[in-house]
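Here is what each chain is made of, one letter per residue.
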Amino acid sequence: DAEEYQPPIWKSYLYQLQQEAPRPKRIICPREVENRPKYYGREFHGIISREQADEILAGVEGAYILRESQRQPGCYTLALRFGNQTLNYRLFYDGKHFVGEKRFESIHDLVTDGLITLYIETKASEYISKMTTNPIYEHIGYATLLREKVSRRLSRTKNESRKASVTSEENTPVEKITSLVRRAALTQNDNHFNYEKAHNFKVHTFRGPHWCEYCANFMWGLIAQGVRCSDCGLNVHKQCSKYVPNDCQPDLKRIKRVYCCDLTTLVKAHNTQRPMVVDSCIREIEARGLKSEGLYRVSGFTEHIEDVKMAFDRDGDKADISASIYPDINIIAGALKLYFRDLPIPVITYDTYSKFIEAAKIPNPDEQLEAIHEVLMLLPAAHYETLRYLMIHLKKVTLHEKENFMNAENLGIVFGPTLMRPPEDSTLATLNDMRYQKLIVQILIENEDVLF
């Protein structure tokens, strides 16, 4: 039962070390320094040597001053006392203070974070190097426990779904469970399509104590203590993020839009085989547009296509694209093409692009088909399924060629540059490859029953 879920015992060693770390002590210059930069305070001591800085800081752990370099006037140094020695760091300012990757609002915060990091890395370097060797993330007993509890909850929920309203389901304590449990729950869902997806980690500043959901250790420091997956919310150390499996289960609350969203992220967030945009548009086109002359070649009004895009971004699969709202089927066809053009990674991915182009150049038809089939197998599952579904649809379009005048070659001209783009943004490469892009899509349509 989700309500009975107990989190793992977090490893507190690094938290205790952070509490023990030396506190920063600002040493104020007794005189007013001329030409002091406006973004530095009274801790600035002007142009002094390393030896003078060492004398000022001697014997006071955590003490710090700022000084201007004697050798390079206009360059500034943070002198910091740690481990009975004075450490000197080149100091920079671009609206925030920094000596490395992290940027701080104040020098005091920079020194606080630096002392924590120095202390922990000095006291626990060996411990930190071994943090990832026995992660809770892959602990068999822990994972099994989660699956059993979540599985029971899911089966109970299915039985009670007829009695309980959607609103009451949304307000259960399940929301309070960590992202680890949410991922386990989604994995157990009978209807969930288990396409592999890498996490979308971004450096994150955590307010208050936070623990890594991979190794269970404290994430130390004042800011940028770790990374968070912007798609599912998983919180881990930067070094632990390299070991996390590609098992991201995006949370729909975090997906702000439909267009311009990574294809695999979208289908996993919505728990569908393909992007709902593709299903909705194709369903509408096949219902009332297969015989429309110039289907996919004739453009709809741009502002109406943008309206459809906004409707999907706003309403998801509930977007109304019926004939009563958009009588011109070219608007729906245009919205589908725009969806493919807006993908950050094309349906035919950058990784496979050159392999498809090389396959298209093979003169022997049988060898060409075999090569294309092999490259298709390299596509991510969600991309493969989307491409398969689209080709089945486009084959149906060609069956009405007498009415719509769209054969496989014409559709290849339209969809070639839409479904595949060269990895490097080169106009020359795009122009050189256009005939092969067209040929690939043409072959996929004509041989969809064999290739997929």
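Only a predicted model underlies this, so the values are computations on that prediction, with no experimental measurement involved.

A. Just the pattern of salt bridges, in detail. Taken as a whole and assessed by the stated rule, the structure comprises 18 salt bridges. Two residues, Arg36 and Glu32, come together in a salt bridge whose shortest N-O distance is 3.4 Å. According to the relative accessible area criterion, Glu32 is exposed, its value standing at 56%. With a shortest N-O distance of 2.9 Å, Arg388 and Glu385 are connected by a salt bridge. Of this pair, Arg388 and Glu385 both sit in helix α14 (residues 381–398), separated by three residues, roughly a single helical turn. Accessibility expressed as a relative area gives 24% for Arg388, which makes it partly exposed. Judged by its relative accessible area of 8%, Glu385 is buried. Through salt bridges with shared partners, a single ionic network connects Arg274, Asp279, Glu385 and Arg388.

B. Main features of the packing of aromatic side chains. Counted under the stated rule, the structure contains 14 aromatic pairs. Each ring, one from Tyr39 and one from Tyr40, has its centre 4.7 Å from the other, and the planes form 75 degrees; the classification is edge-to-face. For the ring pair Tyr384 and Phe452, a centre distance of 5.5 Å and an interplane angle of 55 degrees mean the geometry is tilted. Taken as a pair, Tyr384 in helix α14 and Phe452 in the segment after α18 (448–451) lie far apart in primary sequence, 68 residues in all. For Tyr384, a relative accessible area of 19% translates into the label buried. The exposure class assigned to Phe452 is partly exposed, which follows from its relative accessible area of 22%. Put simply, the rings of Tyr39, Tyr40, Phe44, Tyr76 and Tyr93 touch in pairs and so form one group of aromatic residues.

C. How the structure looks around helix α11 (residues 329–342). Here α11 spans 20 Å end to end across 14 residues, near enough to the 20 Å set by a 1.5 Å rise per residue. Where burial is concerned, most of α11 is hidden: twelve out of the 14 residues are buried. When we look at burial in α11, the residues that qualify are Ile329, Asn330, Ile331, Ile332, Ala333, Gly334, Ala335, Leu336, Lys337, Leu338, Tyr339 and Phe340. Residues of α11 that are buried sit in contact with α8 (263–270), α9 (276–288), α10 (302–315), α14 and α16 (408–419).

Thresholds, definitions, all that
Numbers given for residues are sequential positions, taken from 1 along each chain in its written order. Residues qualify for local features only when their pLDDT is at least 70, as the model is predicted, and side-chain atom pairs are given and counted only at 80 or more; totals for whole chains, interfaces and linings, by contrast, use all residues. Only hydrogens and water are set aside when side-chain values are computed; all heavy atoms of the structure are taken into account. One side-chain nitrogen of Lys or Arg within 4 Å of one carboxyl oxygen of Asp or Glu is enough to make a salt bridge. The rule is simple: take the accessible area with a 1.4 Å probe, protein chains only, and divide by the maximum for that residue type; under 20% is buried, over 50% is exposed, in between is partly exposed. Counting from the N terminus, the helices are DSSP H or I runs at least four residues long and the strands are E runs at least two residues long. By convention, a stacked pair of Phe, Tyr or Trp rings (six-membered ring in the case of Trp) has centres within 6.5 Å and planes under 30 degrees apart, an edge-to-face pair has planes over 60 apart, and any other such pair is tilted. Here a helix's expected span is defined as the number of its residues, less one, multiplied by 1.5 Å. In what follows, residue pairs with any heavy atoms lying within 4.5 Å of each other are defined as contacts.

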